[in-house]
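Per-entry structural report
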Amino acid sequence: KADKVIAVSELTRRIIIDRYFIPADKVVTVHNAVLPVAGILKSLPSKNFKEKVITFAGRITYQKGPAYFIEAAAKILKVDKSFRFVMAGSGDMLKAMISYAAQLRISRYFHFPGFLKEAELNKLLTISDVFVMPSVSEPFGIIPLEAIRAGVPVIISRQSGVQEVLQYALKIDSPDTFDMANCIYALARYKGIHSLLKRESTQELNALSWETQASHIKKIYDHLISMFY
């Protein structure tokens, strides 16, 4: 019944068109953005230990690919023990993931802090070296933008909408844990690629504001109103 449908990504737009049989000219994409809070983040403490911190944050459910993150961690820890992995969030698979880490004998290198409020999440991101979003399916995914805002380069799933707006992110297929492990290791260990992605993805983020995205939505509203009045 809608006169226009706004999708948060082209990925979501195609799903609406192909699976729900909505006419293509009725569905438009306006990507999400993130609020600028750089001043707050700069006041947070920096990391005071040597281990590399690799972070996953989000609902711990199948859709988010948490098991793949743990499997990639196990592959890295076989060759390099100077890593710490954090899986922040809650969900129906949390207990299973804690057990899985124990089963793979990597629990001593893993932290499961549970659901984090915004201030706690920002503290975690500021001490992270790499952020990973290995989602099996993700309409958009704002958390990688929050990681970039905190100065953290990101690895994201090709099955996510956010990959459409981030050229300077390493992109993986979530079940490919060998590729994920290689990308994590390279981004954590090689300063050149770490600095490049951190710098360029920040520039991409600066061009993606809620004010800009809201102006796109207002144009859609204005066009619809002009059609009826």
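Everything below is about the structure shown above.
Residues numbered from 1 in each chain as written. Predicted model: local features only at pLDDT ≥ 70, side-chain atom pairs only at ≥ 80, totals over all residues. Heavy atoms only, no water.

**Considerations on the pairing of strand β7 (residues 154–157)**
To keep things clear, this is the line we draw: Any residue under 20% of the maximum accessible area for its type is buried, any over 50% is exposed, and the rest in between are partly exposed; the area is computed with a 1.4 Å probe on protein chains only. The way it works is that DSSP assigns letters per residue, a run of H or I at least four long becomes a helix, a run of E at least two long becomes a strand, and they are numbered from the N terminus. What makes two strands pair is DSSP finding at least two bridges between them. Consider the strands pointing away from the viewer: the crossover is right-handed when the path from the first strand over the helix to the second runs clockwise.
The alternating pattern of β7 places V154 and I156 and I155 and S157 on opposite faces, both of which are buried. Pairing of strand β6 (residues 130–133) with β7, which is carried by three bridges, proceeds in the parallel orientation. Bridge pairing links M133 to I156 in β7. Handedness of the crossover joining β6 and β7 through helix α6 (residues 143–149) is recorded here as right-handed. Summarising the sheet, β7 and strand β8 (residues 170–172) pair through three bridges and their orientation is parallel. Along β8, the bridge assignment pairs I155 with L170.

**Considering the pattern of salt bridges**
Short version of the rule: A pair is scored as a salt bridge if a Lys or Arg side-chain nitrogen falls within 4 Å of a carboxyl oxygen belonging to Asp or Glu.
Taken as a whole, this structure holds seven salt bridges when the rule is applied. One salt bridge connects D173 with R158, and the closest N-O pair in it is separated by 3.3 Å. You can see D173 sitting in the loop between β8 and α7 (177–189) and its partner R158 sitting in the loop between β7 and β8, a full 15 residues away along the chain. Look at R158 and you get partly exposed, because its relative accessible area is 41%. Across the pair R199 and E200 runs a salt bridge, and its minimum N-O distance is 3.2 Å.

**Concerning the nonpolar core**
Here is the rule we go by: We call a set of buried Ala, Val, Leu, Ile, Met, Phe, Trp, Tyr and Cys residues a nonpolar core when their side-chain atoms join them within 4.5 Å. Whether two residues touch is decided by their heavy atoms; if any such pair falls within 4.5 Å, the residues are in contact.
Core analysis: the biggest nonpolar cluster contains 34 residues, and I54, F85, I106, F110, I155 and I184 have the highest contact counts within it. Those elements that provide at least two residues to this core are β3 (52–57), α3 (66–77), β4 (83–88), α4 (94–103), β6, β8 and α7. The leading source of residues in this core is α3, at eight residues. If we skip the residues at most four places from it in the chain, I106 touches I70, A73, A74, L77 and A101.

**As for the sheet that holds β6**
As a reminder, the rule being used: Note on geometry: axes are C-alpha line fits, over the in-contact stretch for helices, and angles between N-to-C directions span 0 to 180 degrees.
Taken together, the six strands give an open sheet; going across it, the order is β5-β4-β3-β6-β7-β8, and neighbouring strands pair in parallel fashion. Of all strands in the sheet, those with a lone pairing partner are β5 (110–114) and β8, marking the two edges. Within this sheet the neighbouring strands show an average axis-to-axis angle of 20 degrees, counted without direction. Two elements, β3 and β6, share two bridges in a ladder whose sense is parallel. Within the sheet, the bridge partner assigned to I54 lies in β6 and is V130. Here α4 sits on the sheet and contacts β4 and β5; the angle it forms with β5, its principal contact strand, is near 165 degrees.

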